[in-house]
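Per-entry structural report
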Amino acid sequence: MTIMRIENLQYSNFMNRGIQRVFLTIIALLLISFPSGAQELLSGKKASSVAGSIASNYKNWTTAGWSAKVKSDMLPVSVTAKTFMRRDSLTLISLRAPLVGEVARIEIDRNAITVVNKMKKRYAQMNIAAYGELATTLHSNIQDILIGRVTIIGEGTLSKSNCKDVDLYQVDDNTFLISATLNVGETSVNYGYAADLQGRILEMMATQGKPHTTSTSKSAEDDLLGVSKNMGVAVVYDKNKADADINISLGQRNYGAFFEGVEIEWNTKGFDRLNLRNYTRTNSISELLRF
């Protein structure tokens, strides 16, 4: 999910070249970022031991949340992002602008992902079942990423038991690369992380090709799932806080956002869900992204 910052590597330049041009294969991208010959593919007991060491840093939790300042080309002004999560059952992400209040919301539960543009009074809703085999663990995978944990798509948080399903490379005593490929129906997702032994995600990359389908439906699921997707996340830590630079491409459109000052609060209180009866449903995710 993330990559260890090493002085002689230019991660910021790497991330700014354009996501769609650099995602050839996820493992190649991760490995070429480090000095030649520095990687060791781990297997068996050694891989299990490293995965166990990483996972041992992950505390049990019931609720969690964080807030951060957000800058993005998609937004006319800087906003504040506020997140609340109840483990495996609810995730709320709120974007709030100065003098305006809340302008957008993402709500995820066991059944659906809902995206709301409060400025336009519109929302789109995607049935989690549309993600097929991923549906049972998708929400926990999203929550892992939001709290900076290495997660195996379709399975859950990295652990001794699931590390056999990924490629785990050791760069040095404190830096590891994790690479995996997931096939779901007609689509294939390649993704990978760089993480340290403390379990912190330093960088994440993912790419998914456009599925081969003859469907002519215009649901929100098709609007989002029916295009190629690439994502890159780079994280820099300063004690208990983190800054995250996120780049996403959906088809021909590119989106970016910089999250500053993320600090996770455990066992925190949340905020209320929106009443969707006050909004009009739309099938276009791309329309909602235009403020």
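Coordinates for the structure precede this section.
Heads up: these notes are all about the structure in this document. (Residues numbered from 1 in each chain as written. Predicted model: local features only at pLDDT ≥ 70, side-chain atom pairs only at ≥ 80, totals over all residues. Heavy atoms only, no water.)

Let us now look at the overall build of the chain. In terms of helices and strands, the chain carries seven helices and 18 strands. Looking at the chain as a whole, 49% of its 291 residues qualify as buried. Within the structure as shown, the chain displays about 14,900 Å² of accessible surface, and the carbon and sulfur contribution to it stands at 49%. (Helix = DSSP H or I, 4+ residues; strand = E, 2+ residues; numbered from the N terminus. Buried < 20%, exposed > 50% of the residue type's maximum accessible area, 1.4 Å probe, protein only. Areas by Shrake-Rupley, 256 points an atom, 1.4 Å probe, with all protein chains shown as cover.)

Right, let's get into the packing of aromatic side chains. Counted under the stated rule, the structure contains three aromatic pairs. With a centroid separation of 6.0 Å and 85° between ring planes, the pair formed by Tyr 191 and Tyr 193 is classed as edge-to-face. The residues Tyr 191 and Tyr 193 share a single accessibility class, namely buried. One residue, Arg 96, lies across the ring of Phe 271, its end atom 5.4 Å from the ring centre. Sitting over the face of the ring of Tyr 237, Arg 200 holds its NZ or CZ atom 4.4 Å from the ring centroid. (Phe/Tyr/Trp six-rings, centres within 6.5 Å; stacked < 30°, edge-to-face > 60°. Lys NZ or Arg CZ within 6 Å of the ring centre and 35° of its normal.)

Counting buried positions along strand β6 (residues 112-117) gives six out of six residues, so the element sits mostly inside the fold. Side-chain alternation along β6 places Ala 112, Thr 114 and Val 116 on one buried face and Ile 113, Val 115 and Asn 117 on a second face that is also buried. Here strand β5 (residues 101-109) runs beside β6; their pairing, made up of five bridges, is antiparallel. Directly across from Ile 108, in β6, lies its bridge partner Ile 113. The antiparallel hairpin formed by β5 and β6 contains two residues in its connecting segment. Where β6 folds back on strand β7 (residues 122-127), the antiparallel hairpin that results is connected by four residues, among which Lys 121 adopts a positive phi of roughly 55°. (Pairing = 2+ DSSP bridges.)

Although it is not a glycine, Asp 88 adopts a positive phi angle of roughly 65°. The topology assignment puts Asp 88 in the loop between β3 (79-86) and β4 (90-97).

Our next topic: helix α4 (residues 44-55). A rise of 1.5 Å per residue sets the reference length of α4, with its 12 residues, at 16 Å; its end C-alpha atoms lie 17 Å apart and thus fit the reference within 8%. Among the residues making up α4, those that are buried are Ala 47, Ser 48, Val 50, Ala 51, Gly 52 and Ile 54. (Expected span 1.5 Å × (residues − 1).)

The next thing to look at is helix α5 (residues 138-146). Within α5, the full set of buried residues consists of Leu 138, His 139, Ser 140, Asn 141, Gln 143 and Asp 144. For α5, the elements touching its buried residues are β3, β4, β5, β6, β8 (151-152) and β9 (156-157). (Contact = heavy atoms within 4.5 Å.)

What follows deals with the pattern of salt bridges. By the definition in use, this model includes six salt bridges. The residue Lys 118 makes a salt bridge to Glu 102 at a minimum N-O spacing of 3.0 Å. Here Glu 102 lies in strand β5 and Lys 118 lies in the loop between β6 and β7, a separation of 16 residues in the sequence. Judged by relative accessible area, Glu 102 falls into the buried class, the value being 17%. Residues joined by salt bridges that share partners form a network here, namely Glu 102, Arg 105, Glu 107, Asp 109, Lys 118 and Arg 273. (Salt bridge = Lys/Arg side-chain N within 4 Å of Asp/Glu carboxyl O.)

Inspection of the secondary structure puts Gln 170 in strand β10 (residues 167-172). In this structure, the C-alpha to C-alpha distance between Gln 170 and Leu 42, residues 128 residues apart in sequence, is 6.9 Å. A polar contact of 3.3 Å, which involves the side chain of Gln 170, links it to the backbone oxygen of Asp 172. (Polar contact = N/O pair within 3.5 Å; in protein donor to acceptor, adjacent residues only side chain to side chain.)

A word on a nonpolar patch on the surface. The grouping of Leu 99, Val 100 and Met 119 at the surface amounts to a nonpolar patch, some 390 Å² of accessible area in total. With respect to the element layout, Met 119 can be found in the loop between β6 and β7. (Patch = residues over 30% accessible without salt bridge, like charges linked within 9 Å, V, L, I, M, F, W, Y side chains within 5 Å.)

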